[in-house]
Amino acid sequence: MSKKVCRPISLLGLALAIVISLAPAAQALNDPHASPNGIGISPVTSYVSDNAGSHKSGTLYIDNDTKNALNIVMSIKLFTVSDYSYNYNFESLNNNWINLSKTQIDLGAGQQQSVGYVINVPKNAPPGGSYYTFFASTTIKSGSLKTTIQAASTLYLTVNGKLTKTSMLESSSISTFM
């Protein structure tokens, strides 16, 4: 066979091999019965605005997408970002503005359970934003190996009110080039 005929046939064979190898992955993505192996939490993100001195409640839904019963531990952390690279920081709470109705739940395989929370904004809370992350965590054993898996939901809480914006001039010099 000539090179002109072999090259297109080789390219066609390569393309066909790629399509055939990707078919199982595409089928798994489209299969409504395919189940990931882990836990889920929803909603993934919540936005709440409230006044100082008031309270609101909300609900999280925790899913067990594994084939085994799981003990899930719920927790809340303060969420911040640092510097220009936006590194994520999760810190222990320094206030009691948010409380969970349950801190531990048992979920059977394929089950979902709701966990309530209450936001109590103190009367003296300054206006502005606070960001929290709800974590659902569990430890899975496989032989002698233990793995902790987590799912997270972020709450953006805005305390209503007039924001005070300030700035300060630290230096007033101008450099010159010669």
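Look up a bit, the structure's there.
S.K.: Tell me what's going on with the overall build of the chain, and back it up with residues and numbers.
M.R.: In terms of regular secondary structure, the chain is built from one helix and 10 strands. Reading the chain from its N terminus to its C terminus gives the helix and strand order α-β-β-β-β-β-β-β-β-β-β. For the chain, buried positions account for 25% of its 178 residues. For the chain, contacts bridging at least 24 residues in sequence account for 68% of all contacts bridging at least 6. Accessible surface, the chain: about 13,000 Å² in total, of which carbon and sulfur atoms supply 55%.

S.K.: Just give me the short version of the packing of aromatic side chains, but keep the residues and values in it.
M.R.: Counted according to the given criterion, the structure contains five aromatic pairs. Each ring, one from Tyr47 and one from Tyr156, has its centre 5.1 Å from the other, and the planes form 15 degrees; the classification is stacked. You can see Tyr47 sitting in strand β2 (residues 45-50) and its partner Tyr156 sitting in strand β10 (residues 145-159), a full 109 residues away along the chain. We classify Tyr47 as exposed; its relative accessible area is 67%. Centre to centre, the rings of Tyr117 and Phe134 are 4.7 Å apart; their planes meet at 40 degrees, and the pair counts as tilted. Placement of Tyr117 in strand β8 (residues 112-120) and of Phe134 in strand β9 (residues 128-142) is noted, with a sequence separation of 17 residues between them. On the basis of relative accessible area, Phe134 is assigned to the buried category, the value being 1%. Feature note: the residues Tyr47, Tyr131 and Tyr156 constitute an aromatic cluster, connected by ring pairs.

S.K.: Run through the pairing of β10, naming residues and quoting values.
M.R.: The pairing of β2 with β10 spans six bridges and is parallel. Bridge pairing links Ser46 to Leu155 in β10. Summarising the sheet, β9 and β10 pair through 15 bridges and their orientation is antiparallel. Looking at β10, one finds that Thr139 is bridged to Thr148. Between β9 and β10, which follow one another and run antiparallel, lie two residues, and Gly143 among them has a positive phi close to 70 degrees.

S.K.: So what about the nonpolar core? Which residues, and what values?
M.R.: Core analysis: the largest hydrophobic core is formed by 27 residues, its most contacted members being Ile62, Ile72, Met74, Ile98 and Phe134. Elements supplying a minimum of two residues to this core: β1 (39-42), β3 (55-64), β4 (70-82), β6 (98-100), β7 (104-107), β8, β9 and β10. A per-element tally of this core places β4 first, with five residues. What Ile72 contacts, discounting residues up to four positions off in sequence, is Ile39, Ile62, Thr103, Gln104, Ile105, Leu107, Ala136, Ser137 and Thr138.

S.K.: Quick one: what's the story with the sheet that holds β1, residue by residue and with numbers?
M.R.: The antiparallel open sheet is built from four strands, whose spatial order is β1-β3-β8-β6. For this open sheet the edge positions go to β1 and β6, each flanked by a neighbour on one side alone. When strand polarity is set aside, the average angle formed by the axes of neighbouring strands in this sheet is 25 degrees. Bridge count between β3 and β8: nine bridges; the pairing is antiparallel. Considered in β8, the bridge of Lys56 is made with Ile119.

Cut-offs used in this document
Here the residue index of a chain counts from 1 through its sequence in written order. Only residues with pLDDT of at least 70 get local features here, since the model is predicted, and only at 80 or more are side-chain atom pairs given and counted; chain-wide, interface and lining totals rely on the full set of residues. Think of the side-chain values as coming from all heavy atoms in the structure, minus any hydrogens and water. Helix and strand labels come from DSSP, where a helix needs a run of H or I of at least four residues and a strand needs a run of E of at least two; each type is numbered from the N terminus. Using a 1.4 Å probe on the protein chains alone, a residue whose accessible area is under 20% of its type maximum counts as buried, one over 50% counts as exposed, and one in between counts as partly exposed. Any pair of residues with heavy atoms lying within 4.5 Å of one another is described as a contacting pair. In short, Shrake-Rupley with a 1.4 Å probe defines the accessible areas, and a residue's cover is counted only from the protein chains shown. Note on ring pairs: Phe, Tyr and Trp rings are taken, using the six-membered ring of Trp, and paired if centres are within 6.5 Å. Classes follow the plane angle, with under 30 degrees stacked, over 60 edge-to-face and the rest tilted. What makes two strands pair is DSSP finding at least two bridges between them. Think of a nonpolar core as a cluster: buried Ala, Val, Leu, Ile, Met, Phe, Trp, Tyr and Cys residues, connected wherever their side-chain atoms sit within 4.5 Å. Simply put, an axis is a line fit to the C-alpha atoms, just over the touching stretch for a helix, and the angle between two N-to-C directions goes from 0 to 180 degrees.

So yeah, pure geometry; function would need other evidence.
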